[in-house]
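Overview (structure and organization)
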Amino acid sequence: HPSTVAARHALACSDPELSLKPTEALPIWVALYGDEQRVFGAEHHSTFGTRHHIGEMRRQLGDRIGARDELTATAQSMRQTLGDHHPDSVVVQLAAAICVGEAGDTAAAVSEFDRLIPLLTSVLGYDHQHTLLARHSRALWLPPGHSQILDRVSDWEVLVDDEVRVLGEQHHLTVAGQQTLVDQRSDWQEALDTQDDVSTELLIEFEIEDRGLEFDEARPWGDFGGLDEGGQDSVAEHAADIRAELQDMMNAVVAAKR
């Protein structure tokens, strides 16, 4: 009877309060899913919710591929039935995107987050926990490398500010974000140091050429060669200006994203 099935669904949703383990909860949801398809149909909101729970249980049990397949299929069905702007639809799409990343395809996950974040912001709100989770996951899985470090660090700067403001400093997402931000800032300083080395070397070459000095092909990297104190000061000053410009660029990007 539909009421019996609905009552079983409500009871299954109480599994966490009953301290059921995922290994105990999963068979309950699987049995319920079969009955809900028969009683309500595959496209009923309760059936979708049950399939979502099955994916989450598989994820908790470490079945990353199974969870990914279950949730991406559920998300696709919900998009077709409910549309992209239904709250339940976007929540399952988010869960599916996270499972795609956890299964190893972080590039596809980032691409999906790029589509989902504006949608989550529109449907649930900029400060909603699910929106923050999507932004956090995207920032976490952006490909590494100095070519994208400006984007990565600025994303974390803004994200952690929002996590502290909305979730509080003790929330697990905020704590994880703060630690990642420390690592990202360290990478940024390393990138600036590397740029300093490159800038200094090029500026030394320019100064040597401008002053008509003999260029030593065997000169070690960063060695001032025949430059006098004035030339060395000029190199140091211009290198510092370049570093300051890069930091100003970072500050401008962070301000723009905020």
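Preceding this section is the structure that the text describes.
Residues numbered from 1 in each chain as written. Predicted model: local features only at pLDDT ≥ 70, side-chain atom pairs only at ≥ 80, totals over all residues. Heavy atoms only, no water.

Attention now moves to the overall build of the protein chain. Scanning the protein chain from N- to C-terminus turns up 10 helices and 0 strands. Counting from the amino terminus, the protein chain carries its helices and strands in the arrangement α-α-α-α-α-α-α-α-α-α. For the protein chain, the C-alpha radius of gyration of 27 Å lies well beyond 18 Å, the compact-globule estimate for 258 residues. If one aligns the C-alpha atoms of the protein chain with their principal axes, the spans along those axes are about 95 × 35 × 35 Å. For the protein chain, with 258 residues in total, the buried portion stands at 37%. (Helix = DSSP H or I, 4+ residues; strand = E, 2+ residues; numbered from the N terminus. Rg over C-alpha atoms; globule rule 2.2 N^0.38 Å. Buried < 20%, exposed > 50% of the residue type's maximum accessible area, 1.4 Å probe, protein only.)

Now for the pattern of salt bridges. Applying the stated criterion to the full structure yields 22 salt bridges. Arg-59 is the partner of Glu-102 in a salt bridge, and the nearest nitrogen-oxygen pair spans 2.7 Å. Residue Glu-102 is located in helix H5 (residues 87–102), and its partner Arg-59 is located in helix H3 (residues 45–60); the two are separated by 43 residues in the primary sequence. Among the ionic pairs, Glu-112 bridges to Arg-115, the shortest N-O distance being 2.4 Å. Linking Glu-112 with Arg-115, this pair stays in helix H6 (residues 106–123), spanning 3 residues, or about one helical turn. Residue Glu-112 is classed as partly exposed on the basis of its relative accessible area of 24%. On the basis of relative accessibility, which here comes to 27%, the residue Arg-115 falls in the partly exposed class. Among the charged side chains, a network of salt bridges with common partners joins Asp-114, Arg-138, Asp-151, Asp-155 and Lys-257. (Salt bridge = Lys/Arg side-chain N within 4 Å of Asp/Glu carboxyl O.)

Its 13 residues give helix H7 (residues 129–141) an end-to-end C-alpha distance of 18 Å, which sits within 8% of 18 Å, the value for a rise of 1.5 Å per residue. When we look at burial in H7, the residues that qualify are Thr-131, Leu-132, Ala-134, Arg-135, His-136, Ser-137, Arg-138, Ala-139 and Trp-141. Contacts made by the buried residues of H7 are with H5, H6, helix H8 (149–167) and helix H9 (172–210). (Expected span 1.5 Å × (residues − 1). Contact = heavy atoms within 4.5 Å.)

Now for a nonpolar patch on the surface. On the surface, a cluster of nonpolar side chains totalling about 420 Å² of accessible area is made up of Val-198, Leu-202, Phe-206 and Trp-221. Inspection of the secondary structure puts Leu-202 in helix H9. (Patch = residues over 30% accessible without salt bridge, like charges linked within 9 Å, V, L, I, M, F, W, Y side chains within 5 Å. Areas by Shrake-Rupley, 256 points an atom, 1.4 Å probe, with all protein chains shown as cover.)

We now examine the packing of aromatic side chains. A full pass over the atoms with the stated rule returns 1 aromatic pair. When the centroid spacing of 6.1 Å and the interplanar angle of 20° are considered together, the rings of Phe-113 and Trp-141 count as stacked. You can see Phe-113 sitting in helix H6 and its partner Trp-141 sitting in helix H7, a full 28 residues away along the chain. By the burial criterion, Phe-113 is buried, and Trp-141 matches it. (Phe/Tyr/Trp six-rings, centres within 6.5 Å; stacked < 30°, edge-to-face > 60°.)

For helix H2 (residues 22–39), with 18 residues, the first-to-last C-alpha span of 25 Å sits near the 26 Å given by 1.5 Å per residue. The complete set of buried residues in H2 reads Ala-25, Leu-26, Trp-29, Leu-32, Tyr-33 and Glu-36. End-on view of H2: buried residues confined to an arc of 135°, all on one side of the axis. Residues Thr-23 and Arg-38 are exposed on H2 and point more than 90 degrees away from its buried face. Packing partners of the buried residues in H2 comprise helix H1 (2–12) and H3. One or two steps after H2, the chain reaches Gly-41, where phi turns positive at roughly 105°. (Arc of directions from axis to C-beta.)

So, on to a negative patch on the surface. Side chains of Glu-229, Asp-233, Glu-237, Asp-241, Glu-245 and Asp-248 sit close together on the surface and give a patch of like negative charge. Judged by its relative accessible area of 53%, Glu-245 falls in the exposed class. (Lys, Arg positive; Asp, Glu negative; His and termini not counted. Charge placed at Lys NZ, Arg CZ, Asp CG, Glu CD.)

Ranked by internal contacts, the top residues of the largest apolar core, which has 15 residues, are Leu-94, Phe-113, Leu-120, Ala-134 and Trp-141. Those elements that place two or more of their residues in this core are H5, H6 and H7. Here this core takes 7 residues from H6, the largest share from any one element. In this structure, Ala-134 is in contact with Leu-94, Phe-113, Ile-117 and Leu-120, ignoring residues within four places of it in sequence. (Core = buried A, V, L, I, M, F, W, Y, C linked by side-chain atoms within 4.5 Å.)

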